[in-house]
Amino acid sequence: MDKTAARRIKRIQKSKINTTVTLVTSILMGVLSFIERSVFNHCFIADYLGLYSFYYNVLGVLSTVELGIGSAIAFALYAPIEYEQYDQIAAIMRLYKKAYILIGTFILLGGIIVFPFLGRLITTDIPMEEVNLYFIFFLLKTVFSYYLTYKAILLNANQNQYKWTIVTNMTWAFLYIAEMAIAITSGNFLYYTIAIFIAEISRSMLLNFMGAREFPQIKKYKKTKLNPEIFHSIVRNVKGLIITRFSSMLVSTTDSILISAIVGTTFLGLYANYQMIVKGLISVSALIPQSIGASIGNAGVTEKKRDLSKSFNSLNLGSFLIYGFFTIVLINLINPVVSLFFGADRVLGLSSVLLICINFYLTNQREILLTFKGSLGLYWEDRKRPLIEGLTNLIVSIILGKYWGFNGIILGTIITQVCVNLTIEPRVIIHEGLKSTAFWYYITIIGRFMLTLGTAALCLFINSLLPFGGIIEIVVKAITTSLITILIFFIVYKNDENAVIIVRTLKIAFMDKRKLKKLEKEASEEK
């Protein structure tokens, strides 16, 4: 066993820690978030939920000024961290600090410019003086998060994302409890907004402190110049990320803005309930890409392309098994859940639900692609696709939204996913990053999509025969859907080569400590 194997074992162990912590905390936070949203729906009118969603989307647009600098910096840190080049880590972080202070200031100025036009962008019965005040708190929360949290990137770049996860989820746990108390006792949305502001500031300061402790050695390198090659790499990736972030903003944030403008803020509030459930599942199902991003970046500077291709294929299968499972569960359970916890009057039609779930599947099918793109620094190579994506989504969603309302807007996003993202993006990552062919990837994703829809249809049919209602309906449908899906996936993939690799990796990840130490010792002693 050589040094490459030793590095691989270390990456697997770090990914295990990151994944385990994220899994446990995400489940707990998902439950707590669900309870909090249920309380919110019963204590506030739908307009407040729509307003809450609108603020996040508008500030998401303003945050595109970040231009992806954080992702480019993270990629630039992988090699210096691996080879303990503390002087270059310090130089990179000085550049990052200056950039984030400038970004925070730009967002503040952008918010000031948007402020006078809020009345034209929002259709609501809430008094405008309240709307304006809430916006100020949300704006300042976003600005200070850039001023105070830039050092947190060292946690993720050093494959210690679990620390970031613990701090973030602990902060939000206290916030959710405070929000529920405020909603129940006072029903005052201003207090609710102030609580969010305080929580975000506290989280940012704590993450900054922990990030600074990750590499105390860099304190003595206060004047070291940044390597020109690293600087060139950062600038090149930022150029590619400018277009990526802009198009992502057009896709993710303008959908909500279009729904608010074309359909209405009240309907946006109904959609926000579905978004909350979908995002809760994303926080769990995105464990693989979130937890292994830094490990892939580390592998990118130490391993051969052939080994990276094998990792990509196995991770892509693992990602599908998770996203496919949750998509099938969503299609079968999301309406019963919304009806029971948020009210039968807040349930969307089956056609809308199917479109939301298909969009969920297609969006998250790209997660491994996006993780490899960021970890291997391929933003420049992928610079053309995001612009096509953003413009296509905006134009098609507006046209279809005029005819079919909410369904048309979501359908526009789905069409963009299929015709642009899942056509162009795989070729860039697989051809340019992994030096392999993307032909079999296309064949694979088509087959997996059909398998997901077929399994979902079978579960819907069987669940329609069950004579239950209320919480019993949800529990029985969840069990039935899960068992059918797991059985079908097992039959289809039990002999798949990539499934074997996944099982082997899991064995190393959860290996007995004594055996693991012996394996690590053998790896470190082998030349």
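Not measured: the values here are computed from a predicted model.

Undergrad: Break down the side chain of Thr-452 for me, with residues and values.
TA: Looking at where Thr-452 falls in the secondary structure, it is placed in helix H17 (residues 439–464). Ignoring sequence-local partners within four residues, the contact set of Thr-452 consists of Phe-320, Gly-324, Thr-327, Ile-328 and Tyr-361.

Undergrad: An account of the nonpolar core is needed here, citing residue identities and associated values.
TA: Core analysis: the largest hydrophobic core is formed by 66 residues, its most contacted members being Leu-77 and Met-93. A per-element tally of this core places helix H4 (residues 86–114) first, with 12 residues. Counting 60 residues, the second largest nonpolar core, distinct from the first, contains Leu-258, Ile-277, Phe-312 and Ile-410.

Undergrad: Residue-level account of the packing of H4 against helix H6 (residues 128–148), with values.
TA: With their axes 7 Å apart at the nearest point, H4 and H6 run at an angle of 165° to one another. What the angle tells us is that H4 and H6 run roughly antiparallel. Read as a crossing pair, H4 and H6 show a hand that is right-handed. Across the interface between the two elements, Tyr-100, Ile-101, Ile-103, Gly-104, Thr-105, Ile-107, Leu-108, Gly-111, Ile-112 and Val-114 from H4 touch Phe-135, Leu-139, Leu-140, Thr-142, Val-143, Tyr-146 and Tyr-147 from H6.

Undergrad: I'd like a rundown of a nonpolar patch on the surface, residues and numbers included.
TA: Side chains of Leu-340, Phe-468, Ile-471, Ile-472, Val-475, Ile-479 and Leu-483 sit close together on the surface and give an oily, nonpolar patch of about 650 Å² of accessible area. The element that contributes the greatest number of residues to the nonpolar patch is helix H18 (residues 470–493), accounting for five residues.

Undergrad: An account of the packing of aromatic side chains is requested, with residue identities and associated values reported.
TA: Inspection of the entire model under this criterion finds 18 aromatic pairs. Ring centres of Tyr-271 and Phe-406 lie 5.0 Å apart, and the angle between their planes is 65°; on these two criteria the pair is classed as edge-to-face. Separated by 135 residues along the polypeptide, Tyr-271 in helix H11 (residues 265–285) and Phe-406 in helix H16 (residues 384–433) bring together distant segments of the chain. Tyr-271 sits in the buried class, given a relative accessible area of 8%. Residue Phe-406 is classed as buried on the basis of its relative accessible area, which comes to 5%. Between Phe-439 and Trp-440, the ring centres sit 5.2 Å apart and the planes meet at 75°, which makes this aromatic pair edge-to-face. Classification of Phe-439 by relative accessible area gives partly exposed; the value is 48%. Clustering of aromatic rings is evident, with ring pairs tying together Phe-320, Tyr-361, Phe-449, Phe-489 and Tyr-493.

About the criteria used
- Residues numbered from 1 in each chain as written.
- Predicted model: local features only at pLDDT ≥ 70, side-chain atom pairs only at ≥ 80, totals over all residues.
- Heavy atoms only, no water.
- Helix = DSSP H or I, 4+ residues; strand = E, 2+ residues; numbered from the N terminus.
- Contact = heavy atoms within 4.5 Å.
- Core = buried A, V, L, I, M, F, W, Y, C linked by side-chain atoms within 4.5 Å.
- Buried < 20%, exposed > 50% of the residue type's maximum accessible area, 1.4 Å probe, protein only.
- Axes fitted to C-alpha atoms, helices over the stretch in contact; angles between N-to-C directions.
- Parallel < 35°, antiparallel > 145°, perpendicular 65-115°, else oblique.
- Left-handed = near helix turned anticlockwise from the far one by under 90°.
- Patch = residues over 30% accessible without salt bridge, like charges linked within 9 Å, V, L, I, M, F, W, Y side chains within 5 Å.
- Areas by Shrake-Rupley, 256 points an atom, 1.4 Å probe, with all protein chains shown as cover.
- Salt bridge = Lys/Arg side-chain N within 4 Å of Asp/Glu carboxyl O.
- Phe/Tyr/Trp six-rings, centres within 6.5 Å; stacked < 30°, edge-to-face > 60°.

From the geometry alone we can't say anything about function, so treat these as descriptive.
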